[in-house]
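Letter by letter, the chains look like this.
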Amino acid sequence: MAFAIQKLLAQVYMKWFHIPLPPPDSFKDQSVLVTGGTAGLGLAAAVHFVNLGATDVIITSRDSARSQAAIATIERDTKGRSKGRVRVMDLDMSRYASVVTFAEEARKIRQGKGGIDTVVLNAGLSTIAPTLSEEGWDLNIQVNTLSTILLALLLLPWLRAERANRSAPAHLAVVGSGRHLEPNIQEWKKWTSETGPLEHFSKPDNWPGASTMYATTKLMAQYAVNELVKMALGSSGRPKVVVNTMCPGFVASDLSRDLKQLGIVVSLIVTIFTVIFGKSPSNGARTYVAACLTKESEHGRFLKFYGSDADYQETADTVITGEDGRDMQALVWSEMKTEFVAKVPEVREILKS
Ligand SMILES: NC(=O)c1ccc[n+]([C@@H]2O[C@H](COP(=O)([O-])OP(=O)(O)OC[C@H]3O[C@@H](n4cnc5c(N)ncnc54)[C@H](OP(=O)(O)O)[C@@H]3O)[C@@H](O)[C@H]2O)c1
C-alpha cells in the first residue's frame, strides 16, 4: 500500500519534472529501431532519437495511413531533421510470420554495418476483453509477451555477432511496466502442475480482467528478458548487447483506448485520471533514452524513475528473485521455448547456441 501511494505521488511529481535528456550528440550517427512507432511513447522516442543525432531510425507500423501520419509528426517535432533518417517497416505482432519477416528484413538492411545500435521493443496493447490471436493465445500475451520476446530472440544473436569487432555494446531495451510486480504468483501455484501460465491465461474462462492481464503479460515478459540477459553475454562474461527492461511511469497515450468502449462514465474517469497523473509521451520516452544509454554494469536492470530501488527489490523478491519467482520464471520460459520451437524453426538453432 505504502509502495502504491509512493508510486502515485511520484507519478504526479514526474508529470511536471522532466527526466533530463543526455547531450544532443548522444546517439550521433547511430541506428535505432523502435517497434510500435506510430503513437504514444514509441513515436515520441523516435523524435528523441533523431534529435539526439541518430541517422537511421526504423519505426514499425501495421497501417499505412498511421505510418504517414507518424513520419509527418516526427518531421514536425524534429524541425525537419528527420528527413532521410527515418524509415517505416511493416510489423504486426499478432502473427509470428510478420515478426519473422520483419526480423529478416531488419537484419538485411543493417547487415555488416554493426547491426542496430539501439533496439527498443515498445509495441504493446491492453484489451478490455478476452481476444484470441491467430496463433491461439490471448492477444495481450501474444503481443506484449510472446511476439516481443520472439523478436528479441531473433535479433539478439545477430546483434551480438555484428558487435564482435566493436568495443561499445549494442542496447536492447524491452518496454515493461512497474506493474509486472502485481500478479500473485502464489495463486498461480494452484494450477501450474496442470497447465503453464501462458496457456492458463489464454483461456477466456480464466480471463483475470484487463488490468491484471496487462500486468501478467509484463511479468511474463520480464521473466523471459531475465533469460535473454544471460544469452547476451559474450565469452568474456561481458555483454555484447546490454539488455534492460524499463517503465516510463503512467503516460497519457492510446494504450487504454479500448476502455472508452465501456461507456461515458468509464471514459470520463479515464480522462480525469489521465489528466491528473499522465505525463506526456515525450516525457515518458525520456526513460527509453536513459535505458538505451545504460552501462555494461547495468546489464539486466529494470530502469524506472519513480520509487526506491529497495521497495522495488522487496516486491521483486516475492515475484521474481525468490525461490517461487525463480520456479515460475523457469516454467514460463520453458512454455515459451516450446511454443517458439514448434512454430518458428529458426529459434531451435538460436536456443541451441
Ligand atoms: N502508457 C503508459 O502509461 C505505459 C506505462 C508503462 C508501460 N507502457 C508500455 O509502453 C509501450 C507503448 O505504449 P503506449 O502507452 O505508447 O501505447 P500506444 O499509444 O497505444 O502505442 C502502442 C504502439 O504499439 C503498437 N501496436 C499495438 N499492437 C500492435 C501489434 N499487434 N503489432 C504491432 N504493433 C502494435 C501501436 O500501433 P497502432 O498505432 O497500429 O495501434 C502503437 O504504435 C507498451 O509496451 C506499454 O505496455 C505504457
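Rules of the game
- Position numbers for residues count from 1 along each chain, tracking the sequence in the order it is written.
- Selection of residues for local features in this predicted model requires a pLDDT of at least 70, selection of side-chain atom pairs for listing and counting requires 80 or more, and totals for whole chains, interfaces and linings are taken over all residues.
- Numbered from the N terminus, helices here are DSSP runs of H or I no shorter than four residues, and strands are runs of E no shorter than two.
- Three exposure classes are used, all based on how many other C-beta atoms lie within 10 Å of a residue's own C-beta (placed from the backbone): buried at 20 or more, exposed at 12 or fewer, and partly exposed between those limits.
- Any two strands with at least two DSSP bridges between them are considered paired.
- Contact between two residues is assigned when their C-beta atoms, built from the backbone, lie within 7 Å.
- Axes here mean lines fitted to C-alpha atoms, for a helix over just the part in contact, with angles spanning 0 to 180 degrees between N-to-C directions.
- For each residue, a C-beta atom is positioned from the backbone; the residue is called near a molecule or strand if that atom sits within 6 Å of it.
- Amino acids are sorted into nonpolar (Ala, Val, Leu, Ile, Met, Phe, Trp, Tyr, Cys and Pro), charged (Asp, Glu, Lys and Arg) and polar (every other residue, Gly among them).
- Defined on buried residues, the nonpolar core groups Ala, Val, Leu, Ile, Met, Phe, Trp, Tyr and Cys residues joined through C-beta atoms within 7 Å.
- The scheme is simple: roughly parallel for angles under 35 degrees, roughly antiparallel for over 145, roughly perpendicular for 65 to 115, oblique for anything else.
- In this scheme the crossing of two helices becomes right-handed for a clockwise turn of the near helix relative to the far one and left-handed for an anticlockwise turn of less than a right angle.

### Points about unusual backbone geometry
When glycine is set aside, most residues are seen to have a negative phi, and most peptide bonds are trans. At Asp-29, a position not held by glycine, the phi torsion is positive, near 60°. Mapped onto the fold, Asp-29 is located in the loop between α1 (2-16) and β1 (31-34). A count of 10 C-beta atoms within 10 Å places Asp-29 in the exposed class. With a phi close to 55°, Lys-79 is a non-glycine residue in the positive phi region. Structurally, Lys-79 is set in the loop between α3 (64-77) and β3 (86-90). Its 9 C-beta neighbours within 10 Å are what place Lys-79 among the exposed residues.

### Notes on the sheet that holds strand β4 (residues 118-121)
Strand order across the open sheet formed by seven strands is β3-β2-β1-β4-β5-β6-β7, with parallel pairing between neighbours. Taken across any chain shown, the strands that pair with only one partner, and hence form the sheet edges, are β3 and β7 (302-303). Two strands pair when backbone bridges link them, and strand β6 (residues 241-246) and β7 are joined in this way by two bridges, in the parallel orientation. Pairing of Thr-245 across the sheet is with Phe-302, part of β7. Across the sheet, helix α5 (residues 139-162) lies against β4, β5 (170-175) and β6, angled at about 175° from β5, the strand it touches most.

### Some words on the site of the ligand
The environment of the ligand is made up of 27 residues, and the closest members are Gly-36, Gly-40, Met-93, Gly-124 and Ser-253. In terms of residue count, the dominant contributor to the shell around the ligand is helix α2 (residues 40-51) (three residues). Class assignment for the residues of the shell around the ligand results in 13 nonpolar, nine polar and five charged.

### A look at the nonpolar core
One finds Ala-46, Val-120, Leu-172 and Tyr-288 to be the most contacted residues of the largest nonpolar core, which totals 89 residues. In terms of residues, this core owes the most to one element, α5, which gives 13 residues. Setting aside residues up to four positions removed in sequence, Leu-172 forms contacts with Val-119, Ala-152, Leu-156, Leu-159, Val-241 and Val-243.

### Examining the packing of α2 against helix α10 (residues 281-291)
Interaxial distance between α2 and α10 falls to 8 Å at its minimum, and their mutual angle equals 70°. Classified by the angle between their axes, α2 and α10 sit roughly perpendicular to one another. The handedness of the crossing between α2 and α10 is right-handed. Together, Gly-40, Leu-41, Leu-43, Ala-44, Ala-45 and His-48 of α2 and Pro-281, Ser-282, Gly-284, Ala-285, Tyr-288 and Val-289 of α10 make up the contact between the two elements.

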